[in-house]
Amino acid sequence: MDDTKALYQIVFQTANRFLRQAKLFSIEELNEHNEPTYEELAVFARKIAAIIGQLANLGGCDETRIALNARQAALLMETMAEAIKDQNSEALDDAASKLEAMTFI
């Protein structure tokens, strides 16, 4: 469970980075951030969520909840990254609102 929570914290911190940056910068500025790109961060979050899912299969109910939450956050970050790449402010705002509304465990 400690490993699962540690990995979950990485997803949570990455999600917070997405949200903070989306509030601070215009979509054009976000599109210029490239070390790492938002797409790369979203892929990283998805991979971490997948590992959490594998650990959850070995654990109990709490791990399953954490895994589902991590997967949802990663999907929203991927949606945000795609919106940034496409410079679609409406899609970015929608995904950011959904990510911000998530209850992190």
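Residues numbered from 1 in each chain as written. Predicted model: local features only at pLDDT ≥ 70, side-chain atom pairs only at ≥ 80, totals over all residues. Heavy atoms only, no water.

(A) Region of the structure containing the nonpolar core. Ranked by size, the top nonpolar core spans 33 residues in total, and within it F18, I52, M77 and L99 carry the most contacts. Counting residues per element, the ones that place at least two in this core are α1 (2-24), α2 (27-32), α3 (38-58), α4 (61-86) and α5 (89-101). In terms of residue count, α4 provides more of this core than any other element does, 11 residues in total. When neighbours within four sequence positions are excluded, M77 is seen to be in contact with V11, T14, A15, F18, A42, A45 and L99. (Core = buried A, V, L, I, M, F, W, Y, C linked by side-chain atoms within 4.5 Å. Buried < 20%, exposed > 50% of the residue type's maximum accessible area, 1.4 Å probe, protein only. Helix = DSSP H or I, 4+ residues; strand = E, 2+ residues; numbered from the N terminus. Contact = heavy atoms within 4.5 Å.)

(B) The pattern of salt bridges, seen in detail. Tallying each qualifying case throughout the model produces 5 salt bridges. As a salt-bridge pair, K23 and E100 come within 2.5 Å of each other at their nearest N and O atoms. Taken together, the positions of K23 in helix α1 and E100 in helix α5 put the pair 77 residues apart, joining distant regions of the chain. Using a relative accessible area of 59% as the deciding quantity, one classes K23 as exposed. Of the charged contacts, one joins K85 and E82 as a salt bridge, the two residues approaching to 3.6 Å between their closest N and O atoms. Within this pair, K85 and its partner E82 are both found in helix α4, separated by 3 residues, close to a single helical turn. Accessibility expressed as a relative area gives 41% for K85, which makes it partly exposed. The class of E82 is partly exposed, set by a relative accessible area of 35%. Members of the salt-bridge network, linked through shared partners, are E39, E82 and K85. (Salt bridge = Lys/Arg side-chain N within 4 Å of Asp/Glu carboxyl O.)

Scope: geometric values only; no functional claims are made or implied.
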